[in-house]
Every structure is written in C-alpha cells, then in structure tokens.
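# Examination of the molecular architecture
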Amino acid sequence: QKEVEQDPGPLSVPEGAIVSLNCTYSNSAFQYFMWYRQYSRKGPELLMYTYSSGNKEDGRFTAQVDKSSKYISLFIRDSQPSDSATYLCAMGRGSQGNLIFGKGTKLSVKP
Amino acid sequence: GAVVSQHPSRVICKSGTSVKIECRSLDFQATTMFWYRQFPKQSLMLMATSNEGSKATYEQGVEKDKFLINHASLTLSTLTVTSAHPEDSSFYICSALDRFGQGINEQFFGPGTRLTVL
C-alpha cells in the first residue's frame with residue numbers, strides 16, 4: 001500500500017460547480033497536510049496547509065483533515081476555468097520539510 | 001511571495017553526456033533545498049535533500065554518484081545528472097526552505113526543468 005493515495009482523475013466539472021478532491025494515507029505519523037496546485041509544465045504552488053483535524057477555509061478553498069480516518073479533502077467552491085490544473089496533496093512530519101506527494105488529480109473546469 | 005528559479009527550463013542532450021540544473025532562491029536564503037523528479041502522470045518523488053555546506057541526503061534507490069548535488073551557497077543548489085540515459089528523462093523540480101521561515105509553508109518550488117535524453 002502506498003503511503004499516500006490520490007485518484008488521478010481526470011475530473012471535469014462545469015464552471016460554478018463545487019469540486020471535491022481527496023487523498024487517503026496510511027502513515028499515522030504524518031503531522032502536516034498540504035494541497036498544491038500545479039499548472040502544466042510548472043512547479044507546484046502551495047494552496048493550503050494544516051496541522052490538525054478539522055476544516056480550514058481560505059476564500060473559495062476549504063481544506064479538511066480527518067486524522068481518525070486518514071483522509072484529507074480539498075473543496076473548491078464556485079469553480080472557475082482558471083482553476084483547471086493538477087491538484088497534489090502532500091504530507092509530512094518533522095521539521096525538515098520532507099514531503100510525500102499524492103499522484104495528483106487533474107481538474108478541468110469547463111466554461 | 002518568495003521566488004525560486006531553475007535553469008535551464010528545458011534541456012535535450014545525447015545519451016552519455018552530463019547535465020547540470022541550477023536551483024536559486026531569488027529573494028531569500030535557503031539552508032535546505034529539495035530535489036524532486038516527476039514522471040508523466042506520476043507524483044513528485046523526492047530524490048535528495050540538499051543542505052548548504054554539507055553533503056546531500058539521498059532517498060533510497062537514488063544513486064548519489066549519478067545525481068551529484070552541490071549546495072555551495074545559501075541561494076544556490078545544483079543537480080548534475082552524470083552520464084545521462086533515456087530513462088533519466090523526466091521533469092526535475094527543486095524546492096527551497098526559507099531559512100527564516102516559521103513553518104512548513106515556507107517551502108517554495110521552482111518551475112521545473114524538463115530533461116530529455118536522446
């Protein structure tokens with residue numbers, strides 16, 4: 001079993017839809033959880049991070065962590081065509097910053 | 001926000017040659033930089049952790065003699081792919097930890113270098 005599992009999609013939604021992206025993980029030692037957005041042929045850009053179970057909201061984005069189920073989600077409200085990208089979940093522990101990434105989910109928002 | 005650059009953005013080389021990729025933190029100091037490799041439709045895989053002034057730490061399965069890392073200053077780390085072969089063709093991405101950052105969110109990624117070995 002891989003440490004981090006993420007459905008690669010692709011996921012196609014109409015503009016304005018609510019998008020739900022998910023990852024599961026097996027290592028209960030992970031302490032922090034991140035979501036990155038990666039446009040084609042570009043480096044990842046950090047969207048959100050959290051250290052604890054619960055919800056964290058930032059504009060149209062909500063990150064949700066359920067440590068008991070080892071499950072994290074990213075919700076995008078009122079999705080826009082500019083949100084079309086690959087979304088990567090990542091997790092880590094300790095202070096060095098080493099991250100384990102999911103495969104990424106390719107999202108396409110159609111106008 | 002903090003900017004990390006990579007050079008070159010794209011390189012095509014013949015099998016057997018060596019290729020050097022530079023990673024620079026443009027407006028902050030980074031004592032730690034990471035090198036990742038990403039194959040098509042695959043996740044980012046950590047190759048090594050580069051620490052300024054000391055030897056890099058390589059992940060299991062990554063050949064340190066093939067992927068030479070030098071982190072000679074607080075703003076520059078280089079990855080040299082020695083005797084490159086077609087199977088080394090990939091997207092190489094670096095990231096840098098802000099030396100004075102307060103948390104994990106202070107890790108910034110470069111735009112990546114696409115290496116194609118013929």
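Here goes a summary of the coordinates provided.

### A look at the sheet that holds strand β8 (residues 76-81) of chain B
Residue and element names in this part refer to chain B. Spatially, four strands are ordered β1-β3-β8-β7 in an open sheet, and the strand pairing comes out antiparallel. Of all strands in the sheet, those bounded by a partner on one side alone are β1 (4-7) and β7 (67-73). Geometrically, the sheet is characterised by an average inter-axis angle of 15° between neighbouring strands, direction not taken into account. For β1 and strand β3 (residues 19-25), the ladder comprises four bridges, and the chain directions are antiparallel. Note that in β3 the partner of histidine 7 across the bridge is glutamate 22.

### A closer look at the interface of chain A and chain B
Facing 21 residues of chain A, the contacting portion of chain B comprises 23 residues. Summed over both sides, the interface between chain A and chain B buries roughly 1700 Å², with carbon and sulfur atoms accounting for 55% of that surface. Applying the counting rule to chain A against chain B returns four residue pairs in polar contact (both at pLDDT 80 or more). Those elements that place two or more of their residues in the side of chain A that touches chain B are β4 (32-38), β5 (45-50) and β10 (99-101) of chain A. Among the elements that make up the side of chain A that touches chain B, the one with the highest residue count is β4(A) (four residues). Tallied by class, residues from the side of chain A that touches chain B come to 10 nonpolar, eight polar and three charged.

### Thoughts on the pattern of salt bridges
Scanning the entire structure with this criterion turns up five salt bridges over all chains. Among the salt bridges present, the one from Arg37(A) reaches Glu45(A), with a minimum N-O distance of 3.2 Å. Look at Arg37(A) and you get buried, because its relative accessible area is 12%. Note that Glu22(B) is salt-bridged to Arg24(B), the shortest N-O span being 3.5 Å. The class for Glu22(B) is partly exposed, based on a relative accessible area of 23%. Take Arg24(B): its relative accessible area is 34%, and that puts it in the partly exposed class.

### Concerning the packing of aromatic side chains
Considering all chains together, one arrives at 12 aromatic pairs over all chains under this definition. Between Tyr49(A) and Tyr51(A), the ring centres sit 5.8 Å apart and the planes meet at 90°, which makes this aromatic pair edge-to-face. Between Phe34(B) and Tyr36(B) the ring centres are 6.5 Å apart and the planes differ by 50°, which places this aromatic pair in the tilted class. Assessed through its relative accessible area of 0%, Phe34(B) is described here as buried. Among the residues examined, Tyr36(B) registers a relative accessible area of 0% and is labelled buried. The structure contains a cluster of three or more aromatic residues connected by ring pairs, namely Tyr36(A), Phe101(A), Phe34(B), Tyr36(B) and Phe109(B). The ring centre of Tyr49(A) lies 3.9 Å from the NZ or CZ of Lys56(A), which sits over that ring. Stacked on the ring of Phe67(B), the Lys or Arg Lys66(B) has its end atom at 6.0 Å from the ring centre.

What counts as what
- Residues numbered from 1 in each chain as written.
- Chains lettered and ligands numbered in written order.
- Predicted model: local features only at pLDDT ≥ 70, side-chain atom pairs only at ≥ 80, totals over all residues.
- Heavy atoms only, no water.
- Pairing = 2+ DSSP bridges.
- Helix = DSSP H or I, 4+ residues; strand = E, 2+ residues; numbered from the N terminus.
- Axes fitted to C-alpha atoms, helices over the stretch in contact; angles between N-to-C directions.
- Contact = heavy atoms within 4.5 Å.
- Buried area = accessible area lost by both parts, 1.4 Å probe.
- Polar contact = N/O pair within 3.5 Å; in protein donor to acceptor, adjacent residues only side chain to side chain.
- Nonpolar A, V, L, I, M, F, W, Y, C, P; charged D, E, K, R; others polar.
- Salt bridge = Lys/Arg side-chain N within 4 Å of Asp/Glu carboxyl O.
- Buried < 20%, exposed > 50% of the residue type's maximum accessible area, 1.4 Å probe, protein only.
- Phe/Tyr/Trp six-rings, centres within 6.5 Å; stacked < 30°, edge-to-face > 60°.
- Lys NZ or Arg CZ within 6 Å of the ring centre and 35° of its normal.

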